[in-house]
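An overview of the molecular structure
Take a look at the letters that make up each chain.
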Amino acid sequence: MTTVAVLIDHRDGEVTRPALEALTLARSLGTPVAVWLGSVPSADAVALVGDYGATEVRVVDAEMRLAGHAAAALGAALEDADVVVVISTFVTKEIVTRLAMATGAGVVVDAAGAEIVDGRVETVQTVFAATWNVRTRIHTERAIVGIRPNTTQAVPADTPGDAVIVPVTVDRPATRERVVAVEPVERGAGVPLAEAPVVVSGGRGTGGDYALVTELAELLGGAVGASRDATDEGWISHEHMVGQTGTTVTPALYVAAGISGAVHHRGGMQASGTIVCINLDPDAPIFEISDFGVVGSLFDVIPQAIARIREHRAG
Ligand SMILES: Cc1cc2nc3c(=O)[nH]c(=O)nc-3n(C[C@H](O)[C@H](O)[C@H](O)COP(=O)(O)OP(=O)(O)OC[C@H]3O[C@@H](n4cnc5c(N)ncnc54)[C@H](O)[C@@H]3O)c2cc1C
């Protein structure tokens, strides 16, 4: 039986939705056990990971943001695990590459899916601005997979695992670097861009007015994105930028409003589930990659979309 260790992504002790996606994927590969870095999780958090199939929660008192320490902690909690699944983020990619170096495991990050083929883990990745799909088979005894948020639908297990806490101790390894200060950057309310299930982005076509884009994003429970031109204009902060130099997003729904669809922008959103665009120019390149496109002004189209969604929800 394949044991799959899942590094649980949590924010201030609350399990994130991508962590539940990782547990769902892990169930398709074998039996999931959760690995929790940080102080002991709440009973609710333990019950939740149990609902998604974890039989154990291995708790290591280690800080996620110290990648060397986190890699050692994750390594100590692996025991019998044949496969390790993490949600691909800047931090976890550093952790798993260190872990792979230390343990000789094969690693693939930014995968969009994984399955067992001929007894080995095989991953799917969408690469080069979503122009190629690549399958990679990991040949080592232990495989590490970093999975992108929003690529697996989180579904509770038919038979919930009765998760129990198993404390794991690890010595803090000697490191060659030391974090001297950590200061969180002020973030707006709402879902972080990289893991949002819906992203509504506005570009130069907004003329700097993000009220409608924000209203639609909030209505759909999503995050606000932007093109680089919009962030360069100072209309919205750089943390909202989607694309080659911005954040790569793979939401189930991506709405591009007043964005032309330059290659640098597409590189960061082309692998989204359904792409909808709103643009005045019917020849804008964004239409080539959209599942649904509306030719018109975002100032006319978005209010109509908002009204229809509200009407629909009202019943
Ligand atoms: C090295 C490099 C890296 C880059 N990285 C990125 C990146 O990560 N992300 C990124 O986004 N860009 C990036 N860029 C910039 C990129 O090439 C484009 O310049 C940028 O994406 C264009 O932004 P835009 O679509 O908002 O503006 P434009 O290309 O000017 O498009 C505006 C669109 O809005 C439409 N429009 C105007 N008014 C309305 C309206 N009322 N309603 C609806 N539509 C309207 C227009 O028809 C037009 O299609 C990069 C460039 C370089 C050189």
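Residues numbered from 1 in each chain as written. Predicted model: local features only at pLDDT ≥ 70, side-chain atom pairs only at ≥ 80, totals over all residues. Heavy atoms only, no water.

1. With respect to the domain arrangement of the chain
By a frequent convention, interface size equals the accessible area lost on bringing the separate parts together. As far as domains go, the chain holds domain 1 (3-167) and domain 2 (193-314). The C-alpha-based centres of domain 1 and domain 2 are spaced at 30 Å. At the interface, 12 residues of domain 1 touch 10 residues of domain 2. Taken together, the two surfaces of domain 1 and domain 2 that pack against each other cover about 820 Å², and 49% of this comes from carbon and sulfur. Where domain 1 packs against domain 2, one counts one salt bridge. Between Arg11 and Glu195 there is a salt bridge, with its nearest N and O atoms 3.0 Å apart. At the junction of domain 1 with domain 2, the criterion picks out five residue pairs in polar contact (both at pLDDT 80 or more). (Domains from an automatic or database assignment. Contact = heavy atoms within 4.5 Å. Buried area = accessible area lost by both parts, 1.4 Å probe. Salt bridge = Lys/Arg side-chain N within 4 Å of Asp/Glu carboxyl O. Polar contact = N/O pair within 3.5 Å; in protein donor to acceptor, adjacent residues only side chain to side chain.)

2. Quick notes on the packing of aromatic side chains
In this structure the tally under the stated criterion is zero aromatic pairs. Across from the ring centre of Phe90, 6.0 Å away, lies the NZ or CZ of Lys93, which sits over that ring. (Phe/Tyr/Trp six-rings, centres within 6.5 Å; stacked < 30°, edge-to-face > 60°. Lys NZ or Arg CZ within 6 Å of the ring centre and 35° of its normal.)

3. Side note on the site of the ligand
Lining the immediate environment of the ligand, one finds 26 residues, of which Arg204, Ser227, Thr245, Ser260 and Asn279 sit closest. Within the side chain of Asp229, a nitrogen or oxygen atom sits 3.2 Å from an oxygen atom of the ligand. Compared with its free state, where it exposes 980 Å², the ligand has 75% of that area covered by protein. Breaking the shell around the ligand down by element, the ones donating at least two residues are helix 6 (228-232), helix 7 (263-266), strand 16 (274-279) and helix 8 (298-314). (Near = heavy atom within 4 Å. Areas by Shrake-Rupley, 256 points an atom, 1.4 Å probe, with all protein chains shown as cover. Helix = DSSP H or I, 4+ residues; strand = E, 2+ residues; numbered from the N terminus.)

4. Some thoughts on the packing of helix 5 (residues 211-219) against helix 8
At a closest axis distance of 10 Å, the pairing of helix 5 and helix 8 adopts a crossing angle of 25 degrees. In terms of orientation, helix 5 and helix 8 fall into the roughly parallel class. Of the two elements, helix 5 crosses helix 8, and the hand of that crossing is left-handed. Listed contacts from helix 8 to Leu212, Val213, Glu215, Leu216 and Leu219 of helix 5 are Leu298, Phe299, Ile302, Pro303, Ile306, Ile309, Arg310 and Arg313. (Axes fitted to C-alpha atoms, helices over the stretch in contact; angles between N-to-C directions. Parallel < 35°, antiparallel > 145°, perpendicular 65-115°, else oblique. Left-handed = near helix turned anticlockwise from the far one by under 90°.)

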